[in-house]
Amino acid sequence: MLGSTEHERREIMASSLFLVGEIGANDYNHPFFQNKTLDWVKPLVPRVIRAISLSLESLIDLGAKTLYVPGIFPLGCVPRYLFLFRNSTSAAAGDLDPVTGCLRWLNDLTSHHNSLLKAKLAELRRAHPGVSLVYVDYFGEVNAIVGSPARSGFAPATALDACCGGGGFHNANFTIHCTEPGAVQCTDPSKFVSWDGLHMTEAVYRIMARGILDGPFAMPPIMSRCKKY
């Protein structure tokens, strides 16, 4: 579809930019939401990283030269998780990050995934010296927003609440979805980090996009690669 000859196809691949991911969050979300334990989920991480690596190598084999690869955002700051583990979480026991209020153990899992991903990207760079593989720090972006929400224009009191959810703790009762009767909706989504308890609001995605396009959450940022005419 890209071109009629192999040369033309590889030329298009080489001059294109690929955003690969983020990949992995749902591989952990689904088992957790099915009441699997951390001990059950954590061994999945190397398998997820291997799948990402195979995808990247497939693109490289087809001629891709510029690939941006995001890590996953801090799952411990997701309102649905805060709701799901509300009865087994204790700030006194150190389960919550004192700065963000996020689930420390779940963010540790996220950091483990991202560390393995960065190590794999370094390995792929050595194997493919003519290819640019750039890590995108979604974790750092979202963690910074949740840690200092007012700095980014968000309401500190609701930084971990869903804008539209099923009520309850952090408005994140996921037995009622946002579009269903009984859902509790905020009046101004631009002041919230989380939209439906699982996905971010447009306001957060805008910040994330700028961080990739202009930096500092992708180095070099995407716009620095654009040809100037």
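Per an unreviewed UniProt entry, the recorded name for the protein is GDSL esterase/lipase, and the organism is Urochloa decumbens. Quoted straight from UniProt, the Sequence similarities (unreviewed entry) entry for the protein says "Belongs to the 'GDSL' lipolytic enzyme family."

1. Thoughts on the pairing of strand E2 (residues 66-70)
The buried fraction of E2 is high, at 5 of 5 residues. Side chains Thr 66, Tyr 68 and Pro 70 project from E2 onto one buried face, and the interleaved Leu 67 and Val 69 project onto a second face that is buried too. Relative to E2, strand E1 (residues 17-19) is paired through 3 bridges, and the arrangement is parallel. Looking across to E2, one finds that Leu 17 is bridged to Thr 66. Taken together, the 5 bridges between E2 and strand E3 (residues 132-136) define a ladder with parallel strand orientation. Directly across from Pro 70, in E3, lies its bridge partner Val 136.

2. Some thoughts on the sheet that holds E1
The strand order E1-E2-E3 describes an open sheet built from 3 strands, whose pairing is parallel. Taken across any chain shown, the strands that pair with only one partner, and hence form the sheet edges, are E1 and E3. Neighbouring strand axes in the sheet, compared pairwise and without regard to direction, differ in orientation by 20 degrees on average.

How each quantity is defined
Residues numbered from 1 in each chain as written. Predicted model: local features only at pLDDT ≥ 70, side-chain atom pairs only at ≥ 80, totals over all residues. Heavy atoms only, no water. UniProt positions renumbered as here; feature names shortened; annotations may be inferred. Buried < 20%, exposed > 50% of the residue type's maximum accessible area, 1.4 Å probe, protein only. Helix = DSSP H or I, 4+ residues; strand = E, 2+ residues; numbered from the N terminus. Pairing = 2+ DSSP bridges. Axes fitted to C-alpha atoms, helices over the stretch in contact; angles between N-to-C directions.

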